[in-house]
Number of protein chains: 2
Amino acid sequence: MEIKELYEKNYINKEVEVNGWIRNNRKQAHFGFIDLYDGTCFKTIQIVYDDKLSNFNDIRKLLVGSSIQVEGLIVESSGKQAFELKANKITLLGKSDETYPIQPKRHTKEFLREVAYLRPRTALFQAIFRIRSVASMAIHTYFQENNYVYFHAPIITANDCEGAGEMFRVTTLDRNNTKAKDSDDFFGKVTGLTVSGQLEAETFATAFSKCYTFGPTFRAENSNTKIHASEFWMIEPEVAFCDLDGIMDIEEECLKFIVKYVLDKCPDEIEFLNKFVEKGLKEKLEKLVNSNFVRITHKEVIDILKKADIKWDFLPEYGEDIAKEHEKYITEYFNCPVFIKDWPKDIKAFYMKQNEDGETVRAVDLEVPGVGELIGGSQREEDYEKLVQRMKELNMNQEELNWYINLRKYGSVVHSGFGIGFERLLIYLTGVDNIRDVIPYPRTPNNCEF
Amino acid sequence: MEIKELYEKNYINKEVEVNGWIRNNRKQAHFGFIDLYDGTCFKTIQIVYDDKLSNFNDIRKLLVGSSIQVEGLIVESSGKQAFELKANKITLLGKSDETYPIQPKRHTKEFLREVAYLRPRTALFQAIFRIRSVASMAIHTYFQENNYVYFHAPIITANDCEGAGEMFRVTTLDRNNTKAKDSDDFFGKVTGLTVSGQLEAETFATAFSKCYTFGPTFRAENSNTKIHASEFWMIEPEVAFCDLDGIMDIEEECLKFIVKYVLDKCPDEIEFLNKFVEKGLKEKLEKLVNSNFVRITHKEVIDILKKADIKWDFLPEYGEDIAKEHEKYITEYFNCPVFIKDWPKDIKAFYMKQNEDGETVRAVDLEVPGVGELIGGSQREEDYEKLVQRMKELNMNQEELNWYINLRKYGSVVHSGFGIGFERLLIYLTGVDNIRDVIPYPRTPNNCEF
């Protein structure tokens, strides 16, 4: 029986059998207590054993990390927990020894990264990775219930591979074979790992009206920060017949859905993180679900920043990007999530819909209190001539993206989309501050273990 | 309004507005019919327009692929369909032209692969890619409802990278820099694209009891067949406290769940495929849901094959692999899906649990009528000594997999898992016979377009 079941129905005075791993074994002369977990729920079950067990002395000596099977009676407890398991029989399945790195004490997150293959056994990472799983399901549920088609964007791609400094190259060429040409490579050309599935997603949006990606993306950026990883998961929805206001509605509804879903499904995990990782986490998340997001333009943001009585490290300026300190000020100013839209075109991507002013594009970033930018989206340029003109201005290779441009030639429609960095979202949901702690096996410069 | 909605409620005599793309435009002198789709459901809606529309002559000339907005009245139809949309107003959103490759006629699948970015607009690929999406959701639903943790296995990995011929290498080294050492690479070592997330999944199964992966995997195999792709998606569940019989139960339940889910959610798509792609598809799928899977050993299979009055291309032999023709015979012999278990250890992977006979391992392949092997699984070797011994026999690098071996040192438990090739499953579900047609943008040797 799974430990989860013990907490879902009343088993008082019933015989049960559970399997699990020892998180703690506190022994006295004639009895002892084991905290047993099996990972099916956040809670452990307290096992009480005494010297009536024939193998009492062996059980006493069992070390943390050992796996056991316990048969016994669920009884009311005099301790903190509502009930405990009075053991009639305890069988050792697999012993652990004194070299086991996970002990019932506080380990630093840095140490736990070194034993990343064991850290899911700790309470902290049971909470984090359960939430990662549940949040994934929230995403699929939201989009599938709303009739989006889940689109698996290609991982290996030949787009943007010429001279893209931040792309990993994918190859089967022997490095010592200096005579090999690019055309000798596996795909007959230079290929790399995708940085985004958006362009391909647009081909599905203009066939199914609504689609979303949810898959890994890559960035070969040499950044060693708390929020950069070389491999991370992205969600990229794309919607036809939808303008910038429409896509903001969807972003807001989607984010609230995910947060509420996690609050509903992971109360124990959130409670734990709220207590030990980020005080006020639960309140923060509940507040987001119940707030109305503000929508203002980039220009209005600069107006507000300029009026603020603050000595900025970076002076806010029309036509320029905004800094971390500005994001923070704006979300605190409104005390709720803020959509900043209509950004200067020169700091945004080529595919974004150009506004009539000739200076801005219909881009929108969602800034959330406590985390900063969480979602980036835009209406896409659906006008063939304008898109081609913009690509020329930026000296882009049209040939390579002919298929993408052609979407504007064959039944072009107003359409919009956005991207959520899944790990950024998890940092927000868990209160953990380092991206290395929300990915099972993080990949960062000079680090590719397990 | 989405076209899907028109088929979910009764809109007869109601005014509606829809957006979509023209699949066909049949015009007479004073009226015309447009088949309009928006991809929100498999069905199109028939638009009836006549010369009372001020732009009648423009509408008549609209080419296939154009996007339009239609306002009008839903009325009962005298044609095949139950109702149609009598247009009061038709607005052109984006025109198409005579170069549009998708015309209302039969295109070969080979041609459609060349315009893969437009093929989701055809009825065939609307069916296939909707089923791909719905089957994905079936998988997540099955595992999440059964409390599995969704585990994102790493894509870039350093495991198995030395000399593994079928792995893509991932690098940021400049090919012209012949002096660069492996340690100069982005991760400080040789890395490649994962071929399986199983080993890492075992670390999660021994923390959460139950987990599953669902993500892309890669094989740099130079095979140009109908069933090989260089990039494909795999589902790899892993379950602690579960033996070979237990994992067969799960495989059977899981597969039936997925097939039933798709039958329930995609009746129109299955009907279409049943009619135009594989006669008997629907019956095949319904039969699987209602069948009991047979379980026999590899040795028993060879017994049956040897007794068969057939001239084999490959002679069946104890201790050896079985061929396609054998798989076919066995599934026809039993006329239902067959689990073949207890395989010769020399043709199976190092991590599989060794049977007491010293010759076989607790591996199981699921053979399904009409498609062959659909799922491969095994109980894993949980005995530290036996695992290490087997790795030595196979001259494997223990150092590199120390973390994996250590799972047998710290609370080892009986555990099992399996892998489903998602595209193989889709070939089965859709009746389509080429893997290139169930992946949005397939990657195969010398082919990496879009």
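Residues numbered from 1 in each chain as written. Chains lettered and ligands numbered in written order. Predicted model: local features only at pLDDT ≥ 70, side-chain atom pairs only at ≥ 80, totals over all residues. Heavy atoms only, no water.

Enquirer: Can you help me understand the overall build of chain A in this one?
Expert: Looking only at helices and strands, chain A features 13 helices and 16 strands. Of all 450 residues assigned to chain A, the portion counted as buried reaches 61%. Counted over contacts in chain A with a minimum sequence separation of 6, partners at least 24 positions apart contribute 66%. Approximately 18500 Å² of chain A is accessible, and the part contributed by carbon and sulfur atoms is 47%. Both charge centroids of chain A, one from 59 positive and one from 73 negative side chains, sit 5 Å from each other. (Helix = DSSP H or I, 4+ residues; strand = E, 2+ residues; numbered from the N terminus. Buried < 20%, exposed > 50% of the residue type's maximum accessible area, 1.4 Å probe, protein only. Contact = heavy atoms within 4.5 Å. Areas by Shrake-Rupley, 256 points an atom, 1.4 Å probe, with all protein chains shown as cover. Lys, Arg positive; Asp, Glu negative; His and termini not counted. Charge placed at Lys NZ, Arg CZ, Asp CG, Glu CD.)

Enquirer: For this particular structure, what's the right way to read helix α6 (residues 244-265) of chain B?
Expert: Given a rise of 1.5 Å per residue, 22 residues ought to cover 32 Å, and the 32 Å separating the end C-alpha atoms of α6(B) matches this to within 8%. Structurally, the start of α6(B) carries an N-cap: the backbone nitrogen of D245(B) is 3.3 Å from a side-chain oxygen of D243(B). (Expected span 1.5 Å × (residues − 1). Polar contact = N/O pair within 3.5 Å; in protein donor to acceptor, adjacent residues only side chain to side chain.)

Enquirer: Explain unusual backbone geometry to me, please; I cannot follow it from the model alone.
Expert: What you tend to see is this: most non-glycine residues have negative phi, and most peptide bonds are trans. Backbone geometry places N147(A), a non-glycine residue, at a positive phi of 70°. With respect to the helices, strands and loops of the structure, N147(A) is situated in the loop between α4 (123-145) and β6 (149-150). The phi angle at D342(B) is positive, at roughly 60°, despite the residue not being glycine. Tracing the chain through its elements places D342(B) in strand β13 (residues 338-344).

Enquirer: Just to check I follow, could you spell out the relation of the copies chain B and chain A for this structure?
Expert: For the pair of chain copies, the relating operation is a rotation around an axis with a shift along it. Its rotation angle being 180°, the transformation that places chain B on chain A also includes 0.0 Å of axial translation and leaves an RMSD of 0.0 Å. Expressed as an axis order, the relation between the two copies is that of a two-fold axis. Looking at the rotation axis and the C-alpha trace of chain B, the residue lying nearest is V170(B), at 2.4 Å. When the interface residues of chain B are mapped onto chain A, 100% of them again fall at the interface, so both copies present the same face. (Least-squares fit on C-alpha atoms with pLDDT ≥ 70 in both.)

Enquirer: Whenever I open this one, the pattern of salt bridges confuses me. Can you help?
Expert: Between side chains of opposite charge, a pair can form when the charged atoms approach closely. In total, this model carries 70 salt bridges over all chains according to the counting rule given. Its salt-bridge partner being E252(B), residue R295(B) comes within 3.8 Å of it at the nearest N-O pair. Taken as a pair, R295(B) in strand β12 (residues 294-297) and E252(B) in helix α6 lie far apart in primary sequence, 43 residues in all. Looking at R295(B), the relative accessible area reads 29%, which means it is partly exposed. E327(B) serves as the salt-bridge partner of K324(B), at 3.5 Å between the closest nitrogen and oxygen. Here K324(B) and its partner E327(B) are both found in helix α10 (residues 324-334), 3 residues apart, which amounts to about one turn of the helix. Look at the salt bridges and you will find they share partners, linking D245(A), D249(A), E252(A), K256(A) and R295(A) into a network. (Salt bridge = Lys/Arg side-chain N within 4 Å of Asp/Glu carboxyl O.)

Enquirer: Help me out: how do you make sense of the interface of chain B and chain A in this one?
Expert: Accessible area lost when the parts come together is the quantity often used to give the size of an interface. On the chain A side, the residues contacting the 109 residues of chain B number 109 residues. Together, the buried faces of chain B and chain A total about 8500 Å²; carbon and sulfur atoms form 60% of this surface. The tally of links from chain B across to chain A stands at 6 salt bridges. Here E449(A) makes a salt bridge to K189(B), at a shortest N to O gap of 3.0 Å. Our enumeration of links across chain B and chain A arrives at 57 residue pairs in polar contact (both at pLDDT 80 or more). Looking at the side of chain B that touches chain A element by element, the count peaks at 12 residues for helix α4 (residues 123-145) of chain B. Residues belonging to the side of chain B that touches chain A are distributed by class as follows: 50 nonpolar, 38 polar and 21 charged. (Buried area = accessible area lost by both parts, 1.4 Å probe. Nonpolar A, V, L, I, M, F, W, Y, C, P; charged D, E, K, R; others polar.)

Enquirer: Can you help me understand empty space enclosed by the protein in this one?
Expert: All chains considered together, the criterion is met by 5 cavities of 30 Å³ or more. In this structure, the largest cavity is lined by R169(A), T171(A), L173(A), D174(A), R175(A), R169(B), T171(B), L173(B), D174(B), R175(B) and N177(B). Within the residue set of the lining of the largest cavity, elements represented by two or more residues are β8 (169-171) of chain A together with β8 (169-171) of chain B. Here the lining of the largest cavity is built from residues that sort into 2 nonpolar, 3 polar and 6 charged. (1 Å grid on protein atoms, 1.4 Å probe; cavity = no way out; pocket = protein on both sides within 12 Å on 5 of 7 lines; lining within 4 Å. Points joined across faces, edges and corners; volume = space filled by probe spheres on them.)

Enquirer: Just checking my understanding: could you explain the sheet that holds strand β4 (residues 67-76) of chain A for this structure?
Expert: Strand-to-strand pairing in sheets goes through backbone hydrogen bonds, with the strands running parallel or antiparallel. Residue and element names in this part refer to chain A. Sheet architecture is closed into a barrel: 5 strands sit in the order β1-β2-β3-β5-β4, paired in mixed fashion. Neighbour-to-neighbour, the strand axes of the sheet open up by a mean angle of 55°, direction not taken into account. Pairing of strand β3 (residues 45-50) with strand β5 (residues 83-94) involves 2 bridges; the strand directions are parallel. Across the sheet, the residue bridging to I47 is L85, located in β5. (Pairing = 2+ DSSP bridges. Axes fitted to C-alpha atoms, helices over the stretch in contact; angles between N-to-C directions.)

Enquirer: Where do I start with α10(B) in this structure?
Expert: Residues and elements named next belong to chain B. Among all positions in α10, only H326, E327, I330 and T331 are buried. Buried residues in α10, looked at end-on, bunch into an arc of 125°, giving them a common side. Facing away from the buried surface of α10 by more than 90 degrees, the exposed residues are K324, K328 and E332. Where α10 is buried, its residues touch α9 (298-307), β13, β14 (360-368) and β15 (372-379). At the C-terminal side of α10, N335 shows a positive phi close to 55°. (Arc of directions from axis to C-beta.)

Enquirer: What's the story with the packing of aromatic side chains in this structure? I'm lost.
Expert: Two measures describe an aromatic ring pair: the distance that separates the ring centres and the angle between the ring planes. A full pass over the atoms with the stated rule returns 68 aromatic pairs over all chains. For the pair Y329(B) and Y333(B), a centre-to-centre distance of 5.9 Å together with 35° between the ring planes defines the contact as tilted. Taken together, the positions of Y329(B) and Y333(B), both in helix α10 and 4 residues apart, correspond to about one turn of that helix. For Y333(B), a relative accessible area of 46% translates into the label partly exposed. Through successive ring pairs, a cluster of aromatic residues spans Y117(A), F125(A), F129(A), Y441(A), F450(A), F151(B), F204(B), F208(B), F350(B), Y351(B), W403(B) and Y404(B). (Phe/Tyr/Trp six-rings, centres within 6.5 Å; stacked < 30°, edge-to-face > 60°.)

Enquirer: How do you make sense of the sheet that holds strand β10 (residues 210-218) of chain B when you look at a structure like this?
Expert: Residue and element names in this part refer to chain B. Pairing in this open sheet of 8 strands is mixed, and the strands run β6-β10-β11-β16-β15-β14-β13-β12 from one edge to the other. Edge positions in the sheet fall to β6 (149-150) and β12, since each has one partner strand and no second. The sheet contact formed by β10 and strand β11 (residues 231-240) spans 9 bridges and is antiparallel. When the bridges of β11 are listed, C211 appears paired with E238. Across the face of the sheet, α4 comes into contact with β6, β10, β11 and β16 (415-421) while running at roughly 150° to β10.

Enquirer: Looking at this model, I keep getting lost on the environment of L92(A). Mind explaining?
Expert: Residue and element names in this part refer to chain A. Examined against the element boundaries, L92 turns out to sit in strand β5. The class for L92 is partly exposed, based on a relative accessible area of 41%. Along the backbone, L92 and S67 are 25 residues apart, and their C-alpha atoms lie at a distance of 6.3 Å. Among all residues touching L92, those that are not within four sequence positions of it are L62, S66, S67 and I68.

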